[in-house]
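What the coordinates show
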Amino acid sequence: MLAAEGLFAISLPLVIGPWSDTFHTPLGRRRPFMLVALGPIGFCLALMAFMPSLWTTALLVFAFFFAYYVYEPPYRGLYPDLLPERIFGRAQSAQHLMRGLALGTALIGGGALFHVWEPFPFLVAAFIVVAACAAPIVFVREDGGHGRVFEGVRAYLQHSWIVFRRDPDVRRFLIANTAWEGTFAGARTFVVLYLTVGLGQPLGTTTAVLAAVAGGYIVAAAGSGVLGDRLGLSRVIAFASVVYGLGLLLGGFANEWQRWYLPVIFVVAIAGGTVMTLAWGLLYKIVPEEHRGAASGLATTTKGIGLLVGAPLAGLAIDLSKPYLTATDGYQILWPICGLGILGAIPLLVRLMAVEDERGRAPVPAAPSPLP
């Protein structure tokens, strides 16, 4: 049920992204889609805990995924629409800092609320998500014109394909982002099993490792944006990818737990968080302004590909390695698989460095203020 998110992520954004480039209304281009998705998002979250069976729950989960991927591509497109290019890195840092804090709060608070009353975390989530997602709709101002345009689903799919086929720099980024998202999906799915089953560690060790990962992610989100805006987003991503990829690669040699792994995990988490934080800012720098919605949709699609490919590929590698890596039941193969994906994307960043430098030298018009 949860993996089905990938199906929504690889289909809806290809239509919603380019559609939001041409949807000119008094409310703007992006915000009408966000507004339409807001009600279903809150409705699905609120009812999630009251479903009588697994199948009705599945239908509600799928409806939530549908609404979410109507909201996300236009939301992503608002960033380059409203912010000047010189702060793209810091803007993504702010977003990922809030994301890291939200994930940590939800993982801890969700369990506590669940013990008080099982529906409680879903109802609280519905209220918080609707309030947070409504904020940009209410407070952001964008110039959208006054004419509604719908060119048809086929036209938008074709537009996304044209952007992918004709712009090699966007294509390089999308391939790299697929590797990053696939690595994240594989690691996220099996890290707890690696610690508990592969290394035989108790809950305390697992909690400490996850805390180190979360802490590294927050440090990366807080600091990487400033570095990226000063040194170049692609350069910082490439350097972080070396640390990230080698750290994952070396993780394949660990077949028993050592306490000194924690600071190493923290450093690798900072590198990984830097890659994930700055990725979207790099996309905004290399894509032409008129294709930002389509590019956001394509990038969201690569997230879906990562969800559909990353976790199953990692699971298959673990199963095939069990007879040979008996000390960890095959789980240690997870990290070399993930590391190769990160290191393999580095050559794609070399060309993007030159593109980012060229765009940086070009004059950039001032962006309108995002606040009324």
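Predicted model, so just to flag it, every value in this text is computed and none were measured.

Broken down by element type, the chain carries 14 helices and 0 strands. N-terminal to C-terminal, the α/β element order of the chain is α-α-α-α-α-α-α-α-α-α-α-α-α-α. Taken over the C-alpha trace, the chain has a radius of gyration of 21 Å; the compact-globule value for 372 residues is 21 Å, and the two agree within 12%. Its C-alpha atoms put the chain at 65 × 55 × 35 Å along the principal axes. Here the chain holds 372 residues, and 49% of them are scored as buried. Relative to all contacts within the chain whose residues are 6 or more apart in sequence, the contacts with residues 24 or more apart total 84%. For the chain, the exposed area adds up to about 17800 Å²; of that, 72% sits on carbon and sulfur atoms. Taking the average location of the 25 positive side-chain charges in the chain and that of its 21 negative ones, the two points are 3 Å from each other.

Quick look at the packing of aromatic side chains now. Aromatic ring pairs are described here by two measures, namely the spacing of the ring centres and the angle between the planes. What the rule picks out here adds up to 17 aromatic pairs. A cation over a ring is seen here: Arg 76 above Trp 280, with NZ or CZ 4.2 Å from the ring centre. Taking NZ or CZ as reference, Arg 171 lies 6.0 Å from the ring centre of Phe 164, over its face.

One can find Arg 30 in the loop between α2 (12-22) and α3 (31-47). Classification of Arg 30 by relative accessible area gives buried; the value is 0%. Among the polar contacts made by the side chain of Arg 30, one reaches the side chain of Ser 20 at a distance of 2.7 Å. There is a polar contact of 2.7 Å between the side chain of Arg 30 and the side chain of Asp 81. The contacts of Arg 30, once residues within four sequence positions are left out, are Gly 17, Ser 20, Asp 21, Pro 74, Gly 77, Leu 78, Asp 81, Glu 142, Arg 292 and Gly 293.

A few words now on the nonpolar core. Ranked by internal contacts, the top residues of the largest apolar core, which has 55 residues, are Phe 173, Trp 180 and Leu 282. Contributions of two or more residues to this core are made by α5 (88-116), α8 (168-198), α10 (233-251), α11 (261-286), α12 (292-321), α13 (334-344) and α14 (346-361). At 12 residues, the largest contribution of residues to this core is made by α11. If sequence neighbours within four positions are ignored, Trp 180 has contacts with Phe 173, Ile 237, Ser 241, Val 275, Met 276, Ala 279, Ile 342, Ala 345 and Leu 349. Membership of the second largest hydrophobic core comes to 30 residues, among which are Leu 60, Phe 64, Ala 126 and Ile 137.

Taking 1.5 Å per residue as the helical rise, α11 with its 26 residues ought to reach 38 Å, and the 37 Å between its terminal C-alpha atoms agrees with that figure. The largest bend in α11 amounts to roughly 35 degrees and is located at Ala 279. For α11, the buried fraction is high: 19 of the 26 residues fall into the buried class.

With that out of the way, let us pick up the confidence of the model for the chain. Confidence along the chain averages 85 in pLDDT terms, with 93% of residues attaining 70 or more. The low-confidence segment residues 363-372 (pLDDT under 50) makes 14 contacts with residues lying over four places distant or belonging to another chain.

Okay, the pattern of salt bridges next. Tallied over the entire structure, the rule returns 9 salt bridges. Note that Arg 90 and Asp 229 form a salt bridge whose closest N and O atoms lie 2.8 Å from each other. On the criterion of sequence distance, the pair formed by Arg 90 in helix α5 and Asp 229 in helix α9 (residues 203-231) is long-range, its members being 139 residues apart. Judged by relative accessible area, which is 18%, Asp 229 ranks as buried. Several salt bridges converge on common partners, so that one network encompasses Arg 29, Arg 30 and Asp 81.

Between two packed helices, both the angle of their axes relative to each other and the distance between the axes serve to describe the pair. In the contact formed by α9 and α10, the axes pass within 6 Å of each other and the chain directions differ by 125 degrees. The angle between α9 and α10 places the two elements in the oblique class. Here Leu 227, Gly 228, Asp 229 and Leu 231 of α9 lie close against α10, whose contacting residues are Leu 233, Arg 235 and Val 236. Taken together, the residues that form the contact of α9 with α10 break down as 4 nonpolar, 1 polar and 2 charged.

The subject of this paragraph is a nonpolar patch on the surface. Where nonpolar side chains cluster on the molecular surface, the patch consists of Leu 7, Ile 305, Leu 308, Val 309, Leu 313, Leu 316, Leu 320 and Ile 337 and spans about 670 Å² of accessible area. By residue number, the principal contributor to the nonpolar patch is α12, which donates 6 residues.

Turning to the side chain of Thr 300, a few remarks are in order. Counting through the fold element by element, Thr 300 comes out in helix α12. Residues in contact with Thr 300, not counting those within four places in the same chain, are Ala 9, Pro 13, Tyr 69, Glu 72, Pro 73 and Trp 280.

Bringing the state of the cysteines into the picture now. Taken as a whole and judged by the stated rule, the model has 0 disulfides. You can see Cys 44 has no disulfide; the closest cysteine sulfur is in Cys 133, sitting 13 Å from it.

Here is what the cut-offs are and how they apply
Residues numbered from 1 in each chain as written. Predicted model: local features only at pLDDT ≥ 70, side-chain atom pairs only at ≥ 80, totals over all residues. Heavy atoms only, no water. Helix = DSSP H or I, 4+ residues; strand = E, 2+ residues; numbered from the N terminus. Rg over C-alpha atoms; globule rule 2.2 N^0.38 Å. Buried < 20%, exposed > 50% of the residue type's maximum accessible area, 1.4 Å probe, protein only. Contact = heavy atoms within 4.5 Å. Areas by Shrake-Rupley, 256 points an atom, 1.4 Å probe, with all protein chains shown as cover. Lys, Arg positive; Asp, Glu negative; His and termini not counted. Charge placed at Lys NZ, Arg CZ, Asp CG, Glu CD. Phe/Tyr/Trp six-rings, centres within 6.5 Å; stacked < 30°, edge-to-face > 60°. Lys NZ or Arg CZ within 6 Å of the ring centre and 35° of its normal. Polar contact = N/O pair within 3.5 Å; in protein donor to acceptor, adjacent residues only side chain to side chain. Core = buried A, V, L, I, M, F, W, Y, C linked by side-chain atoms within 4.5 Å. Expected span 1.5 Å × (residues − 1). Bend = angle between axes of the 7 residues up to and from the residue. pLDDT = per-residue confidence, 0-100. Salt bridge = Lys/Arg side-chain N within 4 Å of Asp/Glu carboxyl O. Axes fitted to C-alpha atoms, helices over the stretch in contact; angles between N-to-C directions. Parallel < 35°, antiparallel > 145°, perpendicular 65-115°, else oblique. Nonpolar A, V, L, I, M, F, W, Y, C, P; charged D, E, K, R; others polar. Patch = residues over 30% accessible without salt bridge, like charges linked within 9 Å, V, L, I, M, F, W, Y side chains within 5 Å. Disulfide = S-S within 2.5 Å.

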